[in-house]
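# Reading the structure
Okay, here's what each chain looks like letter by letter:
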Amino acid sequence: MEKQQREQVAKNMKDAKDKLESEMEDAYHEHQANLLRQDLMRRQEELRRMEELHNQEMQKRKEIQLRLVWLAWDVIQSYMYTFFPQLLAYESFYFSRNTIAASVCVCEIELLCKFLL
């Protein structure tokens, strides 16, 4: 009977030890998962900030390009009216800045400016 009790106690201790080791391993994996989640959240926030900065930079570039187009158009229009006043007679020659900005790319304006200067 005493041998049986010792075996039962030894079995209970082994079971408790196995259970504790299993719980410790589960806790370790949960901790690792939490660290990964935190790292993922940090990286997602960093990516969001970088995308926001990129979008702001692209917007600034578009605004600068549009200003350059407007400036170039003013220069071209002034040049054309100065040296070719007969163009004033043609209604089709009049364009608004918005029309030009929507239809003329910066490269074309740069080529025109180089040609005129």
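Throughout what follows, the structure given in this document is the object of discussion. (Residues numbered from 1 in each chain as written. Predicted model: local features only at pLDDT ≥ 70, side-chain atom pairs only at ≥ 80, totals over all residues. Heavy atoms only, no water.)

## Observations regarding the overall build of the protein chain
Helix and strand counts for the protein chain come out as three helices and zero strands. Helices (α) and strands (β) of the protein chain occur, in sequence order from the N terminus, as α-α-α. Put simply, the protein chain has 117 residues, and 11% of those count as buried. Of the roughly 10,400 Å² of accessible surface on the protein chain, 60% is carried by carbon and sulfur atoms. (Helix = DSSP H or I, 4+ residues; strand = E, 2+ residues; numbered from the N terminus. Buried < 20%, exposed > 50% of the residue type's maximum accessible area, 1.4 Å probe, protein only. Areas by Shrake-Rupley, 256 points an atom, 1.4 Å probe, with all protein chains shown as cover.)

## Some thoughts on the pattern of salt bridges
Charged atoms that come close allow side chains of opposite charge to pair. This model, assessed by the stated rule, comprises 11 salt bridges. For Glu 57, the salt bridge identified is with Arg 61, shortest N-O distance 3.6 Å. One end of the pair, Glu 57, and the other, Arg 61, are both in helix α1 (residues 2-83), four residues apart, so they sit about a helical turn from each other. For Glu 57, a relative accessible area of 37% puts it in the partly exposed group. One network of salt bridges, with partners in common, ties together Asp 39, Arg 42, Arg 43 and Glu 46. (Salt bridge = Lys/Arg side-chain N within 4 Å of Asp/Glu carboxyl O.)

## Some remarks on α1
Over its 82 residues, α1 extends 120 Å from the first C-alpha to the last, a length consistent with the 122 Å expected when each residue adds 1.5 Å. When α1 is considered as a whole, its buried residues turn out to be Val 69, Ala 72, Trp 73, Ile 76, Gln 77, Met 80 and Tyr 81. (Expected span 1.5 Å × (residues − 1).)

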